[in-house]
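Chain by chain, the residues:
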Amino acid sequence: MAFQASRALFEQRKRPCALSCIAVSHDGRFFAYCPQTSKVLVSEYKDGEFRLVKELAQHDQLVTSIEFAPSSYNLLTCSQDRNAYVWDFGKDNEWNPTLVHLRIHRAATYCKWSWDGKKFAVCSGQKCISVCYYEEENNWWVSKLIEDFDSTVSCVCWHKSNTYLAAGSMDGAVRLFTAAVKGVDDKPTQLFGPDVSFKKIGQMICKIETNSWVHDICFSPTFDSIAFVTHDSSISFLPIQEGVIPQQEQLERIRCSGLPHLRMMFLSHNRVLAAGHDCNPTVYAKEGKGWKTKNVQSKISPVSPPSAMKKRNQLRNLLLQKSVEDSLHYKQIKAKVEESKVAEGFIEDAKFAVQDVDPEVCHFAMTTL
Amino acid sequence: MPSEDEQHRVAIQAREKQVLQLLSRPSAALKAALTDPPYSAKSPDVRKSSMKVVVKAIQGVQEKEIAGVIDELSGEEQDVLMKYLYRGLEEVEACNSLLKWHAILTEKAGVGCIMRVLADRNKL
């Protein structure tokens, strides 16, 4: 009901609305987003412009997260309607949905494919993560639950081995779990010492207290650290050494001067991009041993359209004046890298997209970062 | 064995003495006042007395020196100071100078500093 009401509100509004999530396919061809509705729109990037190619309507509440599979155009979406779908991209250029058996009765908040695309994790408000994998016999995506949380799980990321995952939750903690599924994964490597057991999925390896909501979490591309952004306007880095369980004391916390970041990603092993309530995407750089804010806010300017930043500020002022928006925090910026060439750990000619209350997606040239 | 609150009370009294001695060097006095906030204290009076020590240190700083003193604080100390400022404003005491400090501290440490006070579960 509440959703119906908010959708009616959305349709009445003259102004454009924020996007709830975006995803870019591995080669940058497709771009999927949800304009705060139950629908997922897919655009194709061709000849320098975006063209809407498909509208995927299967969910019946707000879509909270979209992910393209690591090496195909298969889509994974999850929604507040407690469902997740895997959309198989067929030869006829159509996406066919398969419902995932999530076993949850609260909203799904975030989803993430593993690096080999054989599994994925769906976080939910039921204080658990569903680790899903394909069961050939039943022709069906089934799940196993990891239930060691005190509150809604907000974000998750996979280790390259696909047998460990890190998760951040609203109870102010980051946890590291084993996530190997028998019959799907090969024999897991003992990355955190011989004491870690793989008998059962979801063995907690460590718990790092952050004292505030964790919004997003990422492994570095070299998998030697985990980074996460929290609601206390901080970005933290946790080093990972082979054979050692990470400790709370190793945590490196950087204070941000602006409002909290909501999404983050590694651009390279020593560059992190974070964006959120602050309206300004910020780059953090590793110099020597420690991480520092690399203040690029004034330096980055969108490549196209050039007036987007200005427009965003105008729109923000409009929101403040009219105060029709439920809250200013409604707006979200998300960033996603569209890597077209990765050579020797150096990202060339890659772009990232940022969106806000105005659904126009700005592209930034990576070279300026 | 004295209770935890008692220990905090003794520590705060010692801190107050130290701050009063250091008043001629404003940044040292403030740094001393900001050490070891009594997060674990059960009685609100203990937190209040700790806040009063900080207010004393703040009032010993002349207006044109405020920015310089804040610059000398570490990020951690700036967050604690912001916490004490909000605690002070709750008590409606010396609000004039607290608001002045708040404005300058926000300018220096950014709104992120306010976010950290709001989000932190260790209250004063």
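Residues numbered from 1 in each chain as written. Chains lettered and ligands numbered in written order. Predicted model: local features only at pLDDT ≥ 70, side-chain atom pairs only at ≥ 80, totals over all residues. Heavy atoms only, no water.

- With an unreviewed UniProt entry as reference, chain B is termed Actin-related protein 2/3 complex subunit 5, source organism Guillardia theta.
- Its UniProt record, at the heading Sequence similarities (unreviewed entry), says of chain B: "Belongs to the ARPC5 family." (UniProt positions renumbered as here; feature names shortened; annotations may be inferred.)

- Chain A is annotated in an unreviewed UniProt entry as Arp2/3 complex 41 kDa subunit from Guillardia theta.
- In its Sequence similarities (unreviewed entry) section, the UniProt record describing chain A reads: "Belongs to the WD repeat ARPC1 family."
- According to the UniProt record, the Subcellular location (unreviewed entry) comment for chain A reads "Cytoplasm, Cytoskeleton".

Quick look at the confidence of the model for chain B
Then step 1. When pLDDT is averaged across chain B, the result is 91; 99% of the residues are at 70 or more.
Then step 2. In the predicted complex, the global pTM is 0.82; the interface-specific ipTM is 0.86. (pLDDT = per-residue confidence, 0-100.)

Comments concerning the sheet that holds strand β9 (residues 108–113) of chain A
Residues and elements named next belong to chain A.
Then step 1. Strand order in the open sheet formed by four strands is β9-β10-β11-β12, and the pairing between neighbours is antiparallel. Each end of this open sheet is capped by a strand with a single partner; those strands are β9 and β12 (140–146). With strand direction ignored, the average angle separating the axes of adjacent strands in the sheet is 25°.
Then step 2. Bridge count between strand β11 (residues 128–135) and β12: seven bridges; the pairing is antiparallel. Bridging across to β12, Y133 finds its partner in V142. (Pairing = 2+ DSSP bridges. Helix = DSSP H or I, 4+ residues; strand = E, 2+ residues; numbered from the N terminus. Axes fitted to C-alpha atoms, helices over the stretch in contact; angles between N-to-C directions.)

Description of the side chain of E44(A)
Residues and elements named next belong to chain A.
Then step 1. Along the chain, the position of E44 falls in strand β3 (residues 39–46).
Then step 2. Since its relative accessible area comes to 9%, E44 is described here as buried.
Then step 3. Side-chain polar atoms of E44 contact the side chain of R29, separated by 3.0 Å. (Buried < 20%, exposed > 50% of the residue type's maximum accessible area, 1.4 Å probe, protein only. Polar contact = N/O pair within 3.5 Å; in protein donor to acceptor, adjacent residues only side chain to side chain.)

A short note on the nonpolar core
All names here are of chain B.
Then step 1. Counting 35 residues, the largest nonpolar core has L30, L34, V54, I58, L81, L85 and W101 as its most contacted members.
Then step 2. Elements that contribute at least two residues to this core include exactly α1 (4–22), α2 (26–34), α3 (44–59), α4 (66–72), α5 (75–90), α6 (95–109) and α7 (111–119).
Then step 3. Tallying contributions element by element places α3 first for this core, with seven residues.
Then step 4. When near neighbours in sequence (up to four residues on either side) are disregarded, L34 contacts V54, L73, E77, V80, L81 and Y84. (Core = buried A, V, L, I, M, F, W, Y, C linked by side-chain atoms within 4.5 Å. Contact = heavy atoms within 4.5 Å.)

Examining the pairing of β12(A)
Then step 1. Taken across its seven residues, β12(A) has five buried, putting it largely inside the fold.
Then step 2. In sequence, β11(A) turns back onto β12(A) through a hairpin of four residues, with N139(A) there showing a positive phi of about 60°.

Description of the interface of chain B and chain A
Interfaces are often sized by the amount of accessible area the parts lose when they come together.
Then step 1. Contacts between the two partners involve 12 residues from chain B, matched on the other side by 17 residues from chain A.
Then step 2. Buried area between chain B and chain A, both sides added, is near 1,000 Å², and the carbon and sulfur share of it is 52%.
Then step 3. It is M115(B), R116(B) and R121(B) in chain B that bury the most area against chain A; as a group they hold 54% of the surface buried on that side.
Then step 4. Across the chain B-chain A interface, the total number found is two salt bridges. (Buried area = accessible area lost by both parts, 1.4 Å probe. Salt bridge = Lys/Arg side-chain N within 4 Å of Asp/Glu carboxyl O.)

Details of a positive patch on the surface
Then step 1. Taken together, the side chains of R103(A), K144(A), K182(A) and K199(A) make up a positively charged region of the molecular surface.
Then step 2. Among the secondary structure elements, K182(A) is positioned in the loop between β15 (173–178) and β16 (204–209). (Patch = residues over 30% accessible without salt bridge, like charges linked within 9 Å, V, L, I, M, F, W, Y side chains within 5 Å. Areas by Shrake-Rupley, 256 points an atom, 1.4 Å probe, with all protein chains shown as cover. Lys, Arg positive; Asp, Glu negative; His and termini not counted. Charge placed at Lys NZ, Arg CZ, Asp CG, Glu CD.)

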